[in-house]
Structure formats: structure tokens, C-alpha cells
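Chain and residue survey
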Amino acid sequence: MKSLILDSSTRLLVLTGAGVSAESGVPTFRGMGGLWENRPVEEVASPQGFTEDPVRVWRFYSQRREGAAGVHPNPGHTALAEWERHLGDRFLLATQNVDGLHQRAGSQRVVEMHGNLFKTRCSNCERPPMDDTTVYPEGTVPRCGACGGSLRPHIVWFGENLDEADLGRIGEFLTRGDGKLVFLAAGTSGAVWPAAGLVDQVRKLGGETWLVNFDPPENAERFRHFVQGRSGELLPRLATLA
Ligand code: BV8
Ligand code: ZN
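Let us look at the structure shown here. (Residues numbered from 1 in each chain as written. Chains lettered and ligands numbered in written order. Predicted model: local features only at pLDDT ≥ 70, side-chain atom pairs only at ≥ 80, totals over all residues. Heavy atoms only, no water.)

**Focus on unusual backbone geometry**
Going from W193 to P194, the amide bond is cis rather than trans, its omega being 0°. Within the secondary structure, P194 is located in the loop between β10 (180-186) and α7 (198-204). (Helix = DSSP H or I, 4+ residues; strand = E, 2+ residues; numbered from the N terminus.)

What follows is the structure, encoded as C-alpha cells:
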């Protein structure tokens, strides 16, 4: 198998998707068949869906909280935390996952591009997001103690902008200029933007691009190196820490 050399000149941005958590037992986005209760997931993961039926949206997220609480990081998560310890501030992890498993595996330099399943915020006022692992009982929509508005999961839904500070942190890391830029995407179908566009930004900057994925996703040909298989098996063996 090809080897990813991580040495004192490497600046590595990693992007992960649902596939990296699959071996931990977290269903992938497409694994849900992109449908839920015979509805496109976008209808439960969009502001319109929340306005239309907040009870259904909270059922979707409460179920995922219930499912994610009992799972653990897999060797793929652990390998990424080890790479970070080796590279220090020349490593950054941008994840589309909302399950918090990277942090539980020891990753610290993490940008949660799509939010976090275990955070809740008010849909009406500016009260900051709260840590919240509550699995809300069927039929309830939690209310804000400050303004009485409906609380919502602190998740970036389809049609919503990503956090400017998050995008800025990734952009600054890419354009920093020191060392040799390397980008590795793992466990992502490359279907969702703007995360799916990172590989193009890196190529424009002359960086090296790697994809580790179970099956060739729609944007596989945009990567210089493609290593096919399970991230939990491949990531622990892929890198040479020099
Ligand atoms: C935005 C939270 C500005 C929800 C998520 C037309 C063209 C381009 C863009 C758009 C467009 N129309 C609309 C858009 C924008 C839209 C978008 O990209 N739509 C797509 C569907 C076309 N994007 C947005 O809306 C973003 N905001 O652009 O703002 C704007 C505003 C208004 C209008 C336009 C633009 C917000 C996107 C964020 C949405 N929220 N998550 C939730 O999770 O509850 S995205 C959701 O999808 C998850 O975050 C998840 O991560 C992601 C799915 O992607 P993956 O992580 O890749 O998961 P997936 O299951 O798809 O793939 C898993 C892969 O792993 C597979 O390839 C599989 O083979 C592999 N795998 C499986 N097991 C393993 C494995 N690999 C390795 N090992 C294994 N063991
Ligand atoms: Zn409020």
C-alpha cells in the first residue's frame, strides 16, 4: 500500500465524513438511504423542515443522540489523533460528522463544519449553544428559558451557511504557506458542499490530495491518490511518521 509521509515539512488538512464513523456503528448518511420515514433527509435536516414539523426533526435528532451515545471511536479516529500529536499545529481536522467521536479519540484541532449532535441552541434568540445530550421524549419541542422560542439542534442544515469562523480557520490553514500542503479526505461521498470543494482548493494551491474511501465516491478522480477500503483498517497503516 502507498505510504503517506508525515514529516517536519508536512502541513496536513484532513476532511472526514460519515464513513469514518461507520465502523463505530454510526449509520452513514447514505446508509440511511438518504431517506427517513419515507422522506428525503433534507426535509428533516433543513430550516424549512424544522418550521414545518419541529416534532419530527427532534425525533430524528433524539434518535441519533440515542444511537451515538453508546458508540466508541474506532482505530481510524485514533490514527488521526496520533497524526495530530506528531504534526502539532501543522495538522487540522475538518469534519462533516456531528457525532463527537474525533474529540473522544483525542483529536483537539477539530473544525466541526456541520455542527455537533450534542449541542442545542435557540432558534429565536442569540443565546449561545448549550451542551445537551438529552434524548427528548416523543412529541416534545424544548423551549428556550430566556425567550420561550423553540430550541433546535446546533447542526448546520441544508440551505444554511456554515460558520464563517470555521471556514476562515480552514482557509487560513490552507493558505498559510509553510511546509508542503497535503489533503486527505476519508469516508466521505463528496456529495455535500462546501466540504466537497476543499479538494479543488488544495489542487489550486498545488497541494497533494489523497482519498481513503470504501467505494469510489463521485469525486474520486479529483484526488491524486485513492486508497480503497475501510478507514478503520487503512488509516492506522497508511502514514509513515518521520
Ligand atoms: C451551504 C447536518 C450556502 C445534517 C449536513 C447544488 C450544487 C452545489 C451545492 C448545492 C446545491 N444545492 C444546494 C447546495 C448546497 C448544499 C449541498 O451541498 N447540497 C448537496 C446535497 C447538493 N449544501 C448546503 O446547503 C450547505 N450550506 O451551501 O450554504 C448555501 C445556502 C443556500 C443555498 C445554497 C448554498 C450545508 C451543508 C450541510 C448540510 N448538513 N449535516 C445531519 O447530519 O443531520 S450534511 C450531511 O451530509 C452530513 O453532515 C454528512 O456528513 C453529509 C453526507 O456526507 P458524508 O459524510 O460524505 O456521508 P455519506 O453517507 O454521504 O458518505 C459516506 C461515505 O463513506 C461513502 O462514500 C461510503 O462509501 C464511505 N464509507 C462507508 N463506510 C466506510 C466508508 N469509507 C471508509 N471506511 C468505511 N468503513
Ligand atoms: Zn431564546
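The rest of the description comes next.
**Looking at the coordination of the zinc ion (ligand 2)**
Surrounding the zinc ion (ligand 2) are the protein donor atoms C122 (SG), C125 (SG), C144 (SG) and C147 (SG), which sit 2.3 to 2.4 Å from the metal. Metal-centred angles of 99 to 117° between the four donor atoms at the zinc ion (ligand 2) mark the site as tetrahedral. Sequence spacing of the donors to the zinc ion (ligand 2): C-x2-C-x18-C-x2-C. Here the residue C122 occupies a position in strand β7 (residues 115-122), and C144 occupies one in the loop between β8 (130-131) and β9 (151-155), the gap between them amounting to 22 residues. Using a relative accessible area of 5% as the deciding quantity, one classes C122 as buried. Residue classification places C144 among the buried residues on the basis of a relative accessible area of 3%. (Donors = N, O, S within 2.8 Å, 3.2 Å for Na, K, Ca; no water. Tetrahedral: all angles 85-135°; square planar, octahedral: opposite > 155°, others 65-115°. Buried < 20%, exposed > 50% of the residue type's maximum accessible area, 1.4 Å probe, protein only.)

**Describing the site of ligand 1**
By nearness alone, 33 residues border ligand 1, and Y61, R64, H114, G159 and S189 come closest of all. Contact distances for ligand 1 include 2.8 Å between an oxygen atom and a side-chain N or O atom of T188. Note that an oxygen atom of ligand 1 is positioned 2.7 Å from one of the side-chain N or O atoms of S189. If ligand 1 stood free it would expose 1400 Å²; the protein chains cover 75% of that surface. Elements supplying a minimum of two residues to the shell around ligand 1: α1 (19-22) and α3 (54-69). Counting contributing residues per domain, the shell around ligand 1 is built from domain 1 (4-26 + 73-114 + 162-241) and domain 2 (35-70 + 122-155), each supplying no fewer than three. (Near = heavy atom within 4 Å. Polar contact = N/O pair within 3.5 Å; in protein donor to acceptor, adjacent residues only side chain to side chain. Areas by Shrake-Rupley, 256 points an atom, 1.4 Å probe, with all protein chains shown as cover. Domains from an automatic or database assignment.)

**Considerations on the sheet that holds β9**
Hydrogen bonding along the main chain pairs the strands of a sheet, whether they run parallel or antiparallel. Spatially, the three strands line up as an open sheet ordered β8-β7-β9, and their pairing is antiparallel. Each end of this open sheet is capped by a strand with a single partner; those strands are β8 and β9. Direction of pairing for β7 relative to β9: antiparallel, over a ladder of four bridges. Looking across to β9, one finds that R121 is bridged to R152. Here α3 sits on the sheet in contact with β7 and β9, set at roughly 140° to β7. (Pairing = 2+ DSSP bridges. Contact = heavy atoms within 4.5 Å. Axes fitted to C-alpha atoms, helices over the stretch in contact; angles between N-to-C directions.)

Function cannot be read off these values alone, since they describe shape.
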